[in-house]
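These are the residues of each chain, in order.
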Amino acid sequence: MSYLQCFDVDSPLVSTRYYIKKHIATLISTRYLLSMKPDHGIRILINRLARIDSAAGWAGGLNPTQRAALEYLSEANQFSRSPSHVADYLGTTRGTMSQTLKALVRKGYAAEHRQKSDQRSISYELTEAGAAAVTEPNPIADAIGSLPASVQAALKEGLLQSLRLALAANGGQSFGKCKTCAYHDAASESGFCTLLGLGLEPGESDKICVEHKEA
């Protein structure tokens, strides 16, 4: 083999070395996780998945924070779409989220609405472009979708329980679905919020709410 071939990544020797190095690194990482306490190992896996998900968020002129805001708006009910609500859900500052939402409006992914009775009260909703962006393929969603249904259900339940405990320990809001809330009255066709004294729009019982309280 020539001197130049030693630096050719397409040469058999170098390709093999790269493969072995990558394989060993993966093996060491796997063994390291298995040797850790389950809680720390799972947290590291979640963080790694989050980084992969964040890297995939840089597409279509969006950044990961903007995409996360769109995903929240797609799931939030009519009472939970102000900048402060999005900021609380994503764990960021209200100033940062206000700038994020304004950028989404400029890019055509979201629309801003002000209440006639109070022009200071602002809420946001998705445009058609924003709704389409939320449903774009995602590597983490695709990977989870390939798991057996029983595994998906167990994974979802375990993560939900972990989230509830973490929120309770830190005093965070649950942002649960309307239909699981103590204030939800299912007597009417679309549901009724007894806390706000307002009827829900069709389909909002499956949306998340800033005022959610575990039933």
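See above for the structure.
None of these values were measured; they are calculated from a predicted model. (Residues numbered from 1 in each chain as written. Predicted model: local features only at pLDDT ≥ 70, side-chain atom pairs only at ≥ 80, totals over all residues. Heavy atoms only, no water.)

1. Observations concerning empty space enclosed by the protein
Applying the stated rule across the entire model yields one cavity of 30 Å³ or more. Taken as a whole, the largest cavity encloses approximately 80 Å³ of empty space. Forming the boundary of the largest cavity are Cys178, Cys181, Tyr183, His184, Phe192, Cys193, Leu200, Cys209, Glu211 and His212. For the lining of the largest cavity, the residue count by class is seven nonpolar, two polar and one charged. (1 Å grid on protein atoms, 1.4 Å probe; cavity = no way out; pocket = protein on both sides within 12 Å on 5 of 7 lines; lining within 4 Å. Points joined across faces, edges and corners; volume = space filled by probe spheres on them. Nonpolar A, V, L, I, M, F, W, Y, C, P; charged D, E, K, R; others polar.)

2. Overview of the packing of helix 3 (residues 64–75) against helix 4 (residues 83–90)
Running from N to C, helix 3 and helix 4 point in directions that differ by 110°, and their axes come no closer than 10 Å. As the angle between them shows, helix 3 and helix 4 are arranged roughly perpendicular. You can see that helix 3 and helix 4 cross each other, and the crossing is right-handed. On helix 4, the residues that touch Ala68, Ala69, Tyr72 and Leu73 of helix 3 are His85, Val86, Tyr89 and Leu90. When its residues are assigned to classes, the contact of helix 3 with helix 4 shows seven nonpolar, one polar and no charged. (Axes fitted to C-alpha atoms, helices over the stretch in contact; angles between N-to-C directions. Helix = DSSP H or I, 4+ residues; strand = E, 2+ residues; numbered from the N terminus. Parallel < 35°, antiparallel > 145°, perpendicular 65-115°, else oblique. Left-handed = near helix turned anticlockwise from the far one by under 90°. Contact = heavy atoms within 4.5 Å.)

3. A word on the packing of helix 3 against helix 5 (residues 94–106)
In the contact formed by helix 3 and helix 5, the axes pass within 10 Å of each other and the chain directions differ by 85°. The angle between helix 3 and helix 5 places the two elements in the roughly perpendicular class. On helix 5, the residues that touch Thr65, Gln66, Ala69, Leu70 and Leu73 of helix 3 are Met97, Thr100, Leu101, Ala103 and Leu104.

4. Regarding the side chain of Ser80
Along the chain, Ser80 turns up in the loop between helix 3 and helix 4. A distance of 2.9 Å separates the side chain of Ser80 from the backbone nitrogen of Val210, its partner in a polar contact. The contacts of Ser80, once residues within four sequence positions are left out, are Tyr72, His85, Ile208, Cys209 and Val210. (Polar contact = N/O pair within 3.5 Å; in protein donor to acceptor, adjacent residues only side chain to side chain.)

5. A closer look at the packing of aromatic side chains
Applying the stated criterion across every chain, the model contains three aromatic pairs. Here the aromatic rings of Tyr72 and Phe175 are separated by 5.9 Å at their centres, their planes lie at 80°, and the arrangement is edge-to-face. You can see Tyr72 sitting in helix 3 and its partner Phe175 sitting in the loop between helix 8 (149–170) and strand 3 (184–185), a full 103 residues away along the chain. The burial state of Tyr72 is the same as that of Phe175; both residues are buried. Site record: aromatic cluster; members linked through ring pairs are Tyr72, Tyr89 and Phe175. (Phe/Tyr/Trp six-rings, centres within 6.5 Å; stacked < 30°, edge-to-face > 60°. Buried < 20%, exposed > 50% of the residue type's maximum accessible area, 1.4 Å probe, protein only.)

6. Topic: the nonpolar core
Looking at soluble globular proteins, one finds that nonpolar side chains tend to be buried together. Judged by nonpolar contacts, the single largest core of 19 residues is most densely connected at Tyr72, Val86, Leu101 and Leu104. Secondary structure elements with two or more residues in this core: helix 3, helix 4, helix 5 and strand 2 (118–126). Once you skip the residues sitting within four places of it in the chain, Leu104 turns out to touch Leu62, Gln66, Ala69, Leu70, Tyr109 and Ala110. Counting five residues, the second-largest nonpolar core is a separate cluster that includes Phe79, Cys178, Leu200 and Cys209. (Core = buried A, V, L, I, M, F, W, Y, C linked by side-chain atoms within 4.5 Å.)

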